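# Fold and contact review
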Amino acid sequence: MEKFSGRVWLMGDDIDTDIILPTEYLVFKTIDEMKPYAFSPLRPELAAKIEPGDIIVAGNNFGCGSSREQAPEVVKALGIKCVIAKSFARIFFRNAINNGLLLIENAELADAMTEGDEIAVTVNEKIDYKGKEYPIVSLPDNLVEIIDAGGLVKAMRRRNGLEA
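Residues numbered from 1 in each chain as written. Predicted model: local features only at pLDDT ≥ 70, side-chain atom pairs only at ≥ 80, totals over all residues. Heavy atoms only, no water.

### Some details on the overall build of the protein chain
Threshold: In this description a helix means any DSSP run of H or I spanning at least four residues, a strand means any run of E spanning at least two, and both kinds are numbered starting from the N terminus. For the exposure calls, accessible area comes from a 1.4 Å probe over protein chains only, and a residue counts as buried if that area is under 20% of its type's maximum, exposed if over 50%, partly exposed in between. Any two residues whose heavy atoms approach within 4.5 Å at even a single point are treated as in contact. Charged residues are defined narrowly, with Lys and Arg counted positive, Asp and Glu counted negative, and His plus the chain ends left uncounted. To locate a charge, take atom NZ for lysine, CZ for arginine, CG for aspartate or CD for glutamate.
When helices and strands are counted, the protein chain shows 8 helices and 7 strands. The buried share of the protein chain, reckoned over its 164 residues, is 48%. Counting only contacts in the protein chain whose residues sit at least 6 apart along the sequence, the fraction spanning at least 24 positions is 67%. With 19 positive and 26 negative side-chain charges, the protein chain shows a separation of 3 Å between the mean positions of the two kinds.

### Remarks on the environment of glutamate 115
As a reminder of what qualifies: Nitrogen and oxygen atoms within 3.5 Å of one another constitute a polar contact, given that in protein one can donate a hydrogen and the other can accept it, and given that sequence-neighbouring residues count only through two side-chain atoms.
With respect to the element layout, glutamate 115 can be found in the loop between helix 6 (109-112) and strand 5 (118-122). Sequence separation of glutamate 115 and isoleucine 56 is 59 residues, and the distance between their C-alpha atoms is 9.4 Å. Setting aside its immediate chain neighbours within four residues, glutamate 115 contacts Val8, Trp9, Leu10 and Arg43. In terms of polar contacts, glutamate 115 uses its side chain to reach the backbone amide nitrogen of leucine 10, at 2.9 Å. For glutamate 115, the side chain forms a polar contact with the side chain of arginine 43, separated by 2.8 Å.

In structure tokens form, the structure reads like this:
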């Protein structure tokens, strides 16, 4: 079971794909060019402050809005290790998994946290925060395989012997 810890960035409810990556930045050709503008309508300074291994903790309906795949791609490109939210928009959830971004649903954690705190995640088991354990529901093995491989295409290439 993979275990990791990271610094938390807090977000509220209904963080839609236009907040995650506004439409006007889709004109850039690469995700790296888009990264500085992630979350800019809500927190213009945030993308520059995120460090590899950080974790986003949010409220309900994270990723609602359009089905643009660049939204989970830019979150992953920023170095976010996982997003923990009370709930996710379904299409964002699947786009994130397909791009190798771990998403965890937990109804309690967002209300208990302070931004900047550290949490520890044991994948498919629990979240540890200030001495309290928050159980999490296990993802099915096929989704864990996709996340571990770094995305759906990489997982299928690995499964078919095309990549190690």
